[in-house]
Each structure stands twice: as C-alpha cells, then as structure tokens.
Amino acid sequence: MEYLEFKIKCLEEFREILIAELSEIGFDSFLETEDGIDAYIPEDGFDRQSFNALIDRYRDAAQIQLTEGKMPKVNWNEEWEKNYDPIAVGDLVYVRASFHPSQTGYQHEIVINPKMSFGTGHHATTFQMLRHQGELDHKGKRVLDVGSGTGILAIMAHLLGASEVQAFDIDDWCVDNGNENFDLNGMQTRMGLGTIRQVNPLGPFDIVLANINKNVLLDEMEIYAALLKPAGYLLLSGFYAEDVEDLVDLGKKLGLNWVKTSTRENWAALILRKSS
C-alpha cells in the first residue's frame, strides 16, 4: 500500500489543530517537525477535495506552505523512534515508548508504541483526559474507554486501580496496536472493534471516557449517559473551547451535570457527572 506524504510548514500553534483536522479526513500518521508536520494517508483513501478545502481554510492564518510526495513503504516504528519524545503529565504519569528509558519521580508510567494510532499524550486532548483521570477515584471501578486509539486512557484507568476496563475502536489498526500496548503495560483487557452501537458494551460503568470529536460525542452522548451508574462520571475531549456549551447543554438534558472544564491550546475537556 502506497502512502501520500504532505510536508506542511505552519505556525507552531496550529500543529495540533491541523493534526486533529487531518485525522478527520483519513490521515492516519503524523510526525511533528521543526517547521510544522509531516502527514501521511493511504493513497486509496485520499479525498483531494476535502484536503484542499481544509488547507485553504487554514492557509493564511497558519501561514501554510505545502509539499506533496509519495512514499511506497515506510518503517513506521523507525520514524516514530526518530520523532517521538516522552511526555509527563505533572507527576501523575510519564508516557514513553519502549525504546525510551524509564524515569523515576512519577506516580505511574505508561509505555506506548503508537505506530499510526491516536493517543500518545502529546495531543492537548489526551493530556487533559489523563490529567482529569488522575483527579477521580478509579479504585474498584468499572471503566469504559470509547474510541480507545492507542489504549492510553484505558491503561491509565488500569494503573489507577480500576477493577474492569473495557475499550474499543472503529479502526482495526488501532485495535491491534492497542492490544500490543495493553500487553506492554500488563493488561489482560482486549480491545474490541466497532462503534459503540456495534460493540454494545454491557453497563453500568462508574466512569466513561470518550476522546473523539464533537459530532460523534453529540451523537453518542445519550448512550454514554445510559451506560453510566448514578453518580458516575463522563470524561469528554476532542473538541474546541467554543464547543463546550453545546456539550454541556446536551449533558443537562440527559441528567449529566457539569463538574469541570479545562482547556489547553484551545482544545477543551469536560468532566460531567450523572445525577444520583
């Protein structure tokens, strides 16, 4: 399978936004560079019209310069090793790849070999979700991770003492990668494949985690609410700060009360709690 490569020079503050936007139109691997990002997509899944519209939308504000090429075969692990640095979320957790040395001084450590899956802790949404998880009691709790990606949030739940963690993703590559990461972190959990409606997880859960995007969250939030125990927590991210009100308003209608909002690089995260 051949990949298209797009070298995108842009302002630093737009890197994460462009990665999130490109992932929505089929791009499945990104490397941050000194000048911006390199983005990759299978040639047979590339939508030129959507891509051009996205680039045009950000071209002036992000000062985008674009170079397009083709890569027949890529050693993704080697590319990640060149460009993937560890990240710390306060003293809560140190997230590293297997080729990085372990570090002391953190409550927990997660080993993630991300390949082409989303969720290394670097993105502002994942960072905030991890931080919010650290604020909640997971001990003995049942936890559901919706759209698990690399499995990083499910692993965090396990390390925080959850008695059961269920996770799934719509991408079979993410499922394979997530299960590899579960093994690296001593988890017996196996990631499922499909949407929440296809997987049909058996509730109730004490905590539901969903780091996806606004449209999916709005579509599925009623399901999340139904799967939560009374007084259970719903942690959401994957949307911009200006979208918070829409999600909070829907949550109220579903008996989910606002607890906390955080923002990082204009990306937002929410903690909602079901009425008891």
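All values reported here derive from a predicted model rather than from experimental measurement.

About the criteria used
- Residues numbered from 1 in each chain as written.
- Predicted model: local features only at pLDDT ≥ 70, side-chain atom pairs only at ≥ 80, totals over all residues.
- Heavy atoms only, no water.
- Helix = DSSP H or I, 4+ residues; strand = E, 2+ residues; numbered from the N terminus.
- Rg over C-alpha atoms; globule rule 2.2 N^0.38 Å.
- Contact = heavy atoms within 4.5 Å.
- Areas by Shrake-Rupley, 256 points an atom, 1.4 Å probe, with all protein chains shown as cover.
- Lys, Arg positive; Asp, Glu negative; His and termini not counted.
- Charge placed at Lys NZ, Arg CZ, Asp CG, Glu CD.
- Axes fitted to C-alpha atoms, helices over the stretch in contact; angles between N-to-C directions.
- Parallel < 35°, antiparallel > 145°, perpendicular 65-115°, else oblique.
- Left-handed = near helix turned anticlockwise from the far one by under 90°.
- Nonpolar A, V, L, I, M, F, W, Y, C, P; charged D, E, K, R; others polar.
- Pairing = 2+ DSSP bridges.
- Buried < 20%, exposed > 50% of the residue type's maximum accessible area, 1.4 Å probe, protein only.
- Core = buried A, V, L, I, M, F, W, Y, C linked by side-chain atoms within 4.5 Å.
- Phe/Tyr/Trp six-rings, centres within 6.5 Å; stacked < 30°, edge-to-face > 60°.

Attention now goes to the overall build of the protein. Across its full length, the protein holds nine helices and 14 strands. A globule of 276 residues ought to have a C-alpha radius of gyration of about 19 Å, and the protein, at 18 Å, matches this closely. Along the longest, intermediate and shortest principal axes, the C-alpha atoms of the protein span 55 × 40 × 35 Å. Restricting the contact set of the protein to residue pairs at least 6 apart, pairs at least 24 apart contribute 63%. Carbon and sulfur atoms make up 46% of the accessible area of the protein, which totals about 12700 Å². Both charge centroids of the protein, one from 25 positive and one from 44 negative side chains, sit 5 Å from each other.

For the rest of this paragraph, the subject is the packing of helix α1 (residues 15–23) against helix α2 (residues 48–62). Where α1 contacts α2, the two axes come as close as 11 Å, and the packing angle between them is 160 degrees. Classed by the angle they form, the pair α1 and α2 counts as roughly antiparallel. As for how α1 packs across α2, the hand of that crossing is right-handed. Residues Ile17, Leu18, Glu21 and Leu22 of α1 form the contact with α2, whose own contacting residues are Phe51, Leu54, Arg57 and Tyr58. Split into classes, the residues belonging to the contact of α1 with α2 amount to six nonpolar, no polar and two charged.

Turning next to the sheet that holds strand β12 (residues 228–240). In space, the seven strands of this open sheet follow the order β10-β9-β8-β11-β12-β14-β13, with mixed pairing throughout. Across the chains shown, the open sheet's two edge strands, defined by having one partner strand only, are β10 (192–193) and β13 (256–264). Sheet topology places strand β8 (residues 142–146) next to strand β9 (residues 164–169); five bridges connect them, and they run parallel. In the strand pairing of β9, Arg142 is matched with Glu164.

A few words on unusual backbone geometry. A cis amide bond, omega 0 degrees, links Gly203 with the succeeding residue Pro204. In this fold, Pro204 is placed in the loop between α7 (196–199) and β11 (205–211). You will see that Ala231, though not glycine, has its phi angle at about 70 degrees, which is positive. Looking at the element boundaries, Ala231 is found in strand β12. Taking the relative accessible area as the measure of exposure, Ala231 reaches 24% and is therefore partly exposed. Of note, the phi angle at Asn266 is positive, near 70 degrees, even though the residue is not glycine. As for its placement among the helices and strands, Asn266 is situated in the loop between β13 and β14 (267–274).

The subject of this paragraph is the nonpolar core. Within the largest apolar cluster, 30 residues are counted, with the highest numbers of intra-cluster contacts made by Val95 and Ile110. Top element by residues in this core is helix α5 (residues 152–159). It accounts for six residues. Setting aside residues up to four positions removed in sequence, Ile110 forms contacts with Val93, Tyr94, Val95, Arg96, Ile152, Ile155, Met156, Leu159 and Asn185. Cys10, Ala20, Ile41 and Ala62 belong to the second-largest nonpolar core, a separate cluster that totals 25 residues.

As a further point, take the packing of aromatic side chains. Centre distance and the angle of the planes are the two values used to describe a pair of aromatic rings. Here the structure, examined in full by the defined rule, presents nine aromatic pairs. For the ring pair Phe27 and Phe46, a centre distance of 6.3 Å and an interplane angle of 90 degrees mean the geometry is edge-to-face. Taken as a pair, Phe27 in the loop between α1 and β2 (29–32) and Phe46 in the loop between β3 (36–42) and α2 lie far apart in primary sequence, 19 residues in all. We note that Phe27, like Phe46, is buried. Note on Tyr240 and Trp267: the rings are 4.4 Å apart at their centroids and 40 degrees apart in plane angle, and the pair reads as tilted.

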